[in-house]
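Here is how the chains run, residue by residue.
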Amino acid sequence: MPLTGQPDLFSQQLERLGEEHFLVLLWAAMSADKKVKYNITNCFDDLKASGITRTKQTAVAAVEAMHLLCLIDIKDERNRKNIYLTNFGGQALAKLASSGQFQSRSSQFLEEAR
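Residues numbered from 1 in each chain as written. Predicted model: local features only at pLDDT ≥ 70, side-chain atom pairs only at ≥ 80, totals over all residues. Heavy atoms only, no water.

Peer 1: Is there a simple way to explain the pattern of salt bridges in this structure?
Peer 2: Any two side chains of opposite charge can pair, given that their charged atoms come close. Summed over all chains, the structure comprises three salt bridges. Across the pair Arg-105 and Glu-19 runs a salt bridge whose closest N-O atoms are separated by 3.0 Å. Here Glu-19 lies in helix H2 (residues 19–34) and Arg-105 lies in the loop between helix H5 (87–99) and helix H6 (108–112), a separation of 86 residues in the sequence. The salt bridge partner of Lys-81 is Asp-76, with a shortest N-O separation of 3.4 Å. According to the relative accessible area criterion, Lys-81 is partly exposed, its value standing at 42%. With relative accessibility at 61%, the residue Asp-76 sits in the exposed group. (Salt bridge = Lys/Arg side-chain N within 4 Å of Asp/Glu carboxyl O. Helix = DSSP H or I, 4+ residues; strand = E, 2+ residues; numbered from the N terminus. Buried < 20%, exposed > 50% of the residue type's maximum accessible area, 1.4 Å probe, protein only.)

Here it is in structure tokens:
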């Protein structure tokens, strides 16, 4: 329980997330809805197509940060590191989406996976 007048840790963590983090959470949620596996390479390609990054290192750093915050799980499956949204990640996505701070962008990978 947070002290009076002080935000809780979860809120403080969310305040530090950037657009790339929001999009990874969004795309992980969309992949779960479509029952499609979404991996770090797909994430990099989508972030690059969105103009957010030009390097895979930036995408990996964003994914690893969210993994450390328990917002996503990363599982090695068939030589791929697939991204899965956790319950905390779902809560984070809902709060970030309702804040209006970030706008959704389409994932080329998930659009092609229809």
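Peer 1: What is the right way to look at the packing of aromatic side chains in this model?
Peer 2: Aromatic ring pairs are reported here in terms of the distance separating the ring centres and the angle at which the planes meet. Evaluated as defined, the whole model comprises three aromatic pairs. Between Tyr-38 and Phe-109, the ring centres sit 5.9 Å apart and the planes meet at 55 degrees, which makes this aromatic pair tilted. With a gap of 71 residues between them, Tyr-38 in the loop between H2 and helix H3 (40–49) and Phe-109 in helix H6 connect regions that are remote in the sequence. Judged by its relative accessible area of 0%, Tyr-38 falls in the buried class. Aromatic rings pair up to connect Trp-27, Tyr-38 and Phe-109 into one cluster. Here the guanidinium or amino end of Lys-75 rests over the ring plane of Tyr-84, the centre of that ring lying 5.1 Å away. (Phe/Tyr/Trp six-rings, centres within 6.5 Å; stacked < 30°, edge-to-face > 60°. Lys NZ or Arg CZ within 6 Å of the ring centre and 35° of its normal.)

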